[in-house]
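# An overview of the molecular structure
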Amino acid sequence: MKIDYHLEDSPLGAVAERAARAQALGFDGVFTADISHNPFLRVMAAASAAPGVEVGTSVAVAFARSPMVVAQTAWDLASFTGGRFRLGLGAQVKPHIERRFSMPWGRPVERMAEFIGALRAIWDTWQNGTRLRFRGEHYSLTLMTPFFDPGPIAHPDVPIHIAGVGPRMSRLAGEVCDGYHVHPFHTVRYLREVTLPAMREGAVAAGRSFDQVEMASSVMVATGRDESEIEEARLRVRQQIAFYASTPAYRRVLDAHDWDFGPALARLARMKRWQRMADLIPDEVVAEVAVEAPVDRLGSAVRARYEGLLDRVGCYPAGGVLASLTDEEWATIRAQVRG
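This text gives an overview of the structure that appears in the document.

## Comments concerning the pairing of strand β3 (residues 54–61)
With seven of eight residues buried, β3 is to be regarded as a mostly interior element. Two strands pair when backbone bridges link them, and strand β2 (residues 29–33) and β3 are joined in this way by five bridges, in the parallel orientation. Looking at the pairing, Phe31 lines up with Gly56 of β3. Read as a crossover between parallel neighbours, the route from β2 over helix α2 (residues 39–49) to β3 is right-handed.

Written as structure tokens, this is what we have:
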């Protein structure tokens, strides 16, 4: 099992130092999400500062961008990193796509499948000189002149990972993707009963082996050096769970456990009573979603929960106690996760 460092929402100026430290500590990869800073710029900074690790977007919002723009960015990063770059894509949810990005929304699974097909068609044109003739319901790309063609690169097989929660996006990962970023808001039961069966179904339908899909997640952890720090971390996790559970897109995780607090959380969210929401999350839910363990046993606890389920893990959320861990503590966690 690999262990990754997730930059979360680090500003660009902090990325190089954090990525270099992650490499020095022996992390296998450095990944960044598309939150309030451009993820591709941060990947570039991380790749420059940490030339010995894999880098990538744990998620970049696909539907906020044109496939051609993403294809060009990923092509340059794959070339610059010598093949260390992994392209992680996510759909986001309808309000953000329509109201934050002012882009069209509809049939996200089918749109994502087309987006991935368009990327590979563009890369095939650049690498092999084939004519660009991609036509779909959502995207049509039929023009590529020599002036705009970057040409072939040494590492053209850019791994595409997608992020998701529901069974249909999980199935798509099994059908066409190189990896799947499991959302941090999950449980082992949900993985076993919903995510993995859907992925295997997709892989079988596409005539692929399920082993071709790398499973990754930034897993929620409640850790500390003593009980007071662990309890503080539990509160952070409780707040994060409440945020996700208030959103209909993540309701399937609640349904898998017959947890009924989703509608109450949604009402509080509409009233902007954010602090009150965490009070609705019971301790047993925190224990199901997050790995709870002291710092000196955290890596072993993560490995015990996810061995055989995930190929690579990171710790989430990154603030709190995690931000203060020493190099020696991270070295212990890394060694325990790897086993």
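## Digging into the nonpolar core
Leu87, Leu89, Met112, Trp123 and Ile162 are the most contacted members of the largest nonpolar core, which totals 80 residues. Counting residues per element, this core draws most heavily on helix α5 (residues 108–128), at nine residues. Ignoring any residue separated from it by four or fewer positions in sequence, one finds Met112 in contact with Ala62, Phe63, Leu89, Gly90, Ala91, Ile162, Met169 and Leu172. Core analysis: the next-biggest nonpolar cluster, separate from the first, contains 27 residues, Ala233, Leu254, Trp259 and Phe261 among them.

## Regarding the pattern of salt bridges
What the rule picks out here adds up to 23 salt bridges. The network of salt bridges with shared partners includes Lys2, Asp4, Glu54, Arg86, Glu214 and Arg312.

## Some remarks on the pairing of strand β7 (residues 160–164)
The element β7 is largely enclosed, with a buried count of four among its five residues. Note: strand β4 (residues 85–90) against β7, three bridges, orientation parallel. Counted as the bridge partner of Leu89 is Ile162 from β7. Relative to strand β8 (residues 179–182), β7 is paired through four bridges, and the arrangement is parallel. Opposite Gly164, over in β8, you have Val182 as the bridge partner.

## Overview of the side chain of Glu54
Tracing the sequence through the fold places Glu54 in strand β3. At a separation of 3.1 Å, a polar atom in the side chain of Glu54 contacts the side chain of Arg86. Side-chain polar atoms of Glu54 contact the side chain of Arg312, separated by 2.7 Å. Apart from residues no more than four positions distant in its own chain, Glu54 is found in contact with Lys2, Asp28, Gly29, Val30, Arg84, Arg86 and Arg312.

## Things to note about the packing of helix α1 (residues 12–24) against α2
With their axes 8 Å apart at the nearest point, α1 and α2 run at an angle of 35° to one another. As for how α1 packs across α2, the hand of that crossing is right-handed. Where α1 approaches α2, its residues Leu12, Val15, Ala16, Ala19 and Ala20 are matched on the opposing element by Leu41, Arg42, Ala45, Ala46 and Ala49. Considering only residue class, the contact of α1 with α2 consists of nine nonpolar, no polar and one charged.

## Let's talk about helix α7 (residues 188–205)
Over its 18 residues, α7 runs 24 Å from end to end, which matches the ideal 26 Å to within 8%, given 1.5 Å per residue. Taking the largest bend as the criterion, α7 deviates by roughly 35°, centred on Thr195, and proline Pro197 comes between one and four positions later. Within the sequence span of α7, burial applies to Val188, Tyr190, Leu191, Thr195, Leu196, Ala198, Met199, Gly202 and Ala203. Looking at the buried positions of α7, the neighbouring elements they touch are α6 (167–176), β8, β9 (214–222), α9 (251–257) and α13 (298–306). Backbone geometry just downstream of α7 places Gly207 in the positive-phi region, at approximately 70°.

The rules behind these values
- Residues numbered from 1 in each chain as written.
- Predicted model: local features only at pLDDT ≥ 70, side-chain atom pairs only at ≥ 80, totals over all residues.
- Heavy atoms only, no water.
- Buried < 20%, exposed > 50% of the residue type's maximum accessible area, 1.4 Å probe, protein only.
- Helix = DSSP H or I, 4+ residues; strand = E, 2+ residues; numbered from the N terminus.
- Pairing = 2+ DSSP bridges.
- Right-handed = clockwise from strand over helix to strand, strands pointing away.
- Core = buried A, V, L, I, M, F, W, Y, C linked by side-chain atoms within 4.5 Å.
- Contact = heavy atoms within 4.5 Å.
- Salt bridge = Lys/Arg side-chain N within 4 Å of Asp/Glu carboxyl O.
- Polar contact = N/O pair within 3.5 Å; in protein donor to acceptor, adjacent residues only side chain to side chain.
- Axes fitted to C-alpha atoms, helices over the stretch in contact; angles between N-to-C directions.
- Left-handed = near helix turned anticlockwise from the far one by under 90°.
- Nonpolar A, V, L, I, M, F, W, Y, C, P; charged D, E, K, R; others polar.
- Expected span 1.5 Å × (residues − 1).
- Bend = angle between axes of the 7 residues up to and from the residue.

By themselves, these observations are geometric and do not establish any function.
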